[in-house]
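Listed below, chain by chain, are the residues.
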Amino acid sequence: MRINEIFYSLQGEGHFTGTPAVFIRFAGCNLKCPFCDTSHNKFDEMSEDAIIGEVSKYPTRHIVITGGEPTMQLTAPLVDKLHAAGKFVQIETNGTNPLPDGCSMDWVTCSPKNRKIRLKRIDELKVVFMSEEQDMSQYDSLEAKVYSLQPCDTGNTKANARIRREAIAYCLAHPKWRLSLQTHKMTGIR
């Protein structure tokens with residue numbers, strides 16, 4: 001498997017914000033989003049057993065499988081091995097690919113990028129919010145336990161403040177959505 005990095009930190013966004021977690025970042029993505037803030041092109045080849053050995057070095061049960069786009073490489077046997085090691089397994093995906101057959105995730109976070117969603121189950125829908133002109137109606141038919149609205153980080157302080165204000169206004173007008181701030185950036189952690 002092409003692994004960009006494995007690291008231990010706090011979940012910085014979404015439903016599990018603040019939760020200690022080991023992040024398994026897969027290399028590669030099927031989309032090239034202009035606002036992507038993740039460098040995921042470099043990688044090391046790792047076996048499933050090597051991945052299990054690496055995540056077992058850390059004291060948390062929470063594992064976040066992310067990318068890039070992890071569904072391009074993820075296998076059910078890796079998830080089974082993580083469960084056998086006593087881990088809670090969360091995936092963060094753009095939702096354009098179904099989960100691999102037999103892949104039993106504990107939590108599915110879908111961050112759609114204006115593409116057709118091919119997931120059978122979404123626990124958290126986490127939408128990157130760009131502006132009040134954004135068509136949010138495309139998400140009305142998607143069922144999830146949690147709806148998170150995350151202001152896009154453009155790298156521009158003035159633009160970010162506007163996007164945050166508009167995201168807050170959207171959540172207040174549409175209370176099924178909760179604001180998700182990227183706390184890892186605010187606190188200076190990974």
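Throughout this document, residue positions are counted from 1 along each chain, in the order its sequence is written. It should be noted that, the model being predicted, local features are given only for residues of pLDDT at least 70 and side-chain atom pairs only at 80 or more, the latter also being counted only at that level, while totals for whole chains, interfaces and linings use all residues. Side-chain measures here rest on the full set of heavy atoms in the structure, leaving out hydrogens and waters.

### What to know about the overall build of the protein chain
Filter applied, for reference: Here a strand is any run of E in DSSP of at least two residues, a helix any run of H or I of at least four, and the numbering for each starts at the N terminus. For the radius of gyration, the atoms used are the C-alpha atoms, and the globule rule reads 2.2 Å times the number of residues raised to 0.38. To sort residues, take the accessible area from a 1.4 Å probe on protein chains only and compare it with the maximum for the residue type: under 20% means buried, over 50% means exposed, and anything in between is partly exposed.
Summing up its helical and strand segments, the protein chain has 4 helices and 9 strands in all. Ordered by position in the sequence, the α and β elements of the protein chain form the string β-β-β-α-β-α-β-β-β-β-α-β-α. For 190 residues, the compact-globule estimate of 2.2 N^0.38 gives 16 Å, and the C-alpha radius of gyration of the protein chain, at 16 Å, lies within 12% of that figure. For the protein chain, the proportion of its 190 residues judged to be buried stands at 49%.

### Some words on the pairing of strand β4 (residues 62-66)
Our working definition: Two strands pair under a simple rule: DSSP has to find at least two bridges between them. The crossover handedness rule: strands pointing away from the viewer, path from first strand over the helix to second strand clockwise, crossover right-handed.
For β4, the tally of buried residues reaches 5 of 5 residues, placing the bulk of the element in the interior. Residues His62, Val64 and Thr66 point to one face of β4 and Ile63 and Ile65 to the other, with burial holding for every one of them. Pairing of strand β2 (residues 20-26) with β4 involves 4 bridges; the strand directions are parallel. Note on β4: the bridge partner recorded for valine 22 is isoleucine 63. Inspection of the sheet shows β4 paired to strand β5 (residues 88-93) by 4 bridges, in the parallel sense. Looking at the pairing, isoleucine 63 lines up with valine 89 of β5. With respect to chirality, the unit in which β4 leads through helix α2 (residues 76-84) into the neighbouring parallel β5 is right-handed.

### Some details on the nonpolar core
Stated precisely, the cut-off is as follows: To define a nonpolar core, start from buried Ala, Val, Leu, Ile, Met, Phe, Trp, Tyr and Cys residues and group those joined through side-chain atoms within 4.5 Å. Residues count as neighbours in contact if any of their non-hydrogen atoms are within 4.5 Å of one another.
Counting residues in each nonpolar core, the largest one holds 38 residues, and the members touching the most others are Ile24, Ile65, Leu125 and Trp177. Excluding anything up to four places from it in sequence, tryptophan 177 contacts Leu125, Val127, Met136, Tyr139, Tyr147, Ser148, Leu149, Tyr170 and Cys171.

Treat this as a map of the structure, not an account of what it does.
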